[in-house]
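Summary of the model geometry
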Amino acid sequence: MTGDHDHTDPPSDEALRVKALESLLVDKGLINPDAVDAIIEQFETQIGPHNGAKVVARAWVDSAYRARLIDDAWPALQELDVGGVEASEVVVLENTEDVHNLVVCTLCSCYPWALLGLPPSWYKSPAYRSRAVKDPRALLAEFGLKIPTEREVRVWDSNADIRYLVLPERPAGTEDLSENDLAALVTRDAMVGIGLVSPSGD
Amino acid sequence: MDGIHDMGGMDGFGAVEREAEEPVFHAEWERRAVGMVMSMFAQRLFHLDEYRQKIERMAPIAYLGPYYARWIHAASELLLEKGLLSRAEFESGAAAGKAEDVDLIAAATVPDLLRARISGRETDDVPARFKPSDAVRARNIHPQYHTRTPRYVRGKTGLVERDYGVFTLPDSYAQTQARRRSTFIA
């Protein structure tokens, strides 16, 4: 679509438009290019699923923490120094043997940025947004996740403020792992609800 | 409004395609778009509800184009509407002087801005009309403006799950241009 990987292609319309707009906004005194760079750097190096994974791992090893997190997430997130942009009103959804949770934003692309980073393309796609609320089991099956019929699937459609984080089930066979090792197993997909956490981190 | 953005329950978009090892950004212009638009949110040049409304009003075929092009579209429309850029400046790319009354954010403040707790939560003590487990029916409304009530729930019944507290109503806040809050950053 963008052709940015092919050096023989001319720049896309978007590339030209954005370049012209940035130059105009700088000249007009509407943006500080150093702040623009700093924001990009945060999203490329600091803000990502490792933040959410820390929260999940702590909840797995500390049941009192898990209870605080589910009751009122923000103070519990502060204990781990995470949360903030697009993750200020967080609700944590605990997967159990009876319930599997799935998160979507049907109206736009709302997503807990400070915990998971910017959303991936599939989360923003019309296919995901349209189908998650209509036939979530079939959608999950396409992702390789077959939820038994006796297990309820709950779909959470983000509103203007609330951002959801799925607390996946801790996989069996991980009893001896440290909190850090557990965090390394937790994937973005599991925290959105399209995957489970595998004991091998796959 | 009943636009292309309200996708819940639609058919015809096919299978969800996933990219292995997807990068944070796919092109340089996407990186710049995110940094620029978020800077302007932090400077309170516009707020998130009016911004979402601009995206929803895009022509459907344009809406279905590259994701971050929606960001650029909405930000441009709001800058023009608020007189922060003139149409002549926007079309020529040449600034006629500097904008007044804009406090640019400093790069050093960015990590704290992104860590701050910002939302539409209000302190007003508004009593809740419903409590958890109450049966409710979503209004069947079709406003021409922004709403967070998607089509697929309108007229449907359900049970209240949880009382999250008091929040600004995006439907009405999208109609105001106050430089008050962004629910994003700042």
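Computed from a prediction, not measured in an experiment: that's the story for all the values here. (Residues numbered from 1 in each chain as written. Chains lettered and ligands numbered in written order. Predicted model: local features only at pLDDT ≥ 70, side-chain atom pairs only at ≥ 80, totals over all residues. Heavy atoms only, no water.)

Every contact between the two is made by 81 residues of chain A and, on the other side, 82 residues of chain B. In total, chain A and chain B occlude about 7,000 Å² of area from one another, counting both sides; carbon and sulfur atoms represent 60% of this. Its largest share of buried area at the contact with chain B, chain A owes to Lys28, Leu30 and Leu107 of chain A, together 11% of the area lost on that side. Across the contact surface, chain A and chain B share ten salt bridges. (Contact = heavy atoms within 4.5 Å. Buried area = accessible area lost by both parts, 1.4 Å probe. Salt bridge = Lys/Arg side-chain N within 4 Å of Asp/Glu carboxyl O.)

Our next topic: the environment of threonine 96 of chain A. Residue and element names in this part refer to chain A. Inspection of the secondary structure puts threonine 96 in the loop between strand E1 (90-94) and strand E2 (99-104). As a C-alpha pair, threonine 96 and glutamate 152 span 56 residues in sequence and 9.7 Å in three-dimensional space. Contacts of threonine 96, omitting those with residues within four sequence positions, involve Arg151 and Glu169. In terms of polar contacts, threonine 96 uses its side chain to reach the backbone amide nitrogen of aspartate 98, at 3.1 Å. (Helix = DSSP H or I, 4+ residues; strand = E, 2+ residues; numbered from the N terminus. Polar contact = N/O pair within 3.5 Å; in protein donor to acceptor, adjacent residues only side chain to side chain.)

With that settled, the discussion passes to helix H3 (residues 49-61) of chain A. Its 13 residues give H3 of chain A an end-to-end C-alpha distance of 19 Å, which sits within 8% of 18 Å, the value for a rise of 1.5 Å per residue. The set of residues buried in H3 of chain A consists of Asn51, Gly52, Ala53, Val55, Val56, Ala57, Ala59 and Trp60 of chain A. (Expected span 1.5 Å × (residues − 1). Buried < 20%, exposed > 50% of the residue type's maximum accessible area, 1.4 Å probe, protein only.)

Phe43 and Tyr128 of chain A together with Tyr51 of chain B are the most contacted members of the largest nonpolar core, which totals 112 residues. Looking at this core, the element that brings in the most residues is helix H4 (residues 67-81) of chain B, giving ten residues. Not counting residues within four places of it along the chain, the set of residues in contact with tyrosine 51 of chain B comprises Val37, Phe41, Phe46, Trp71, Ala74, Ala75 and Leu78 of chain B. (Core = buried A, V, L, I, M, F, W, Y, C linked by side-chain atoms within 4.5 Å.)

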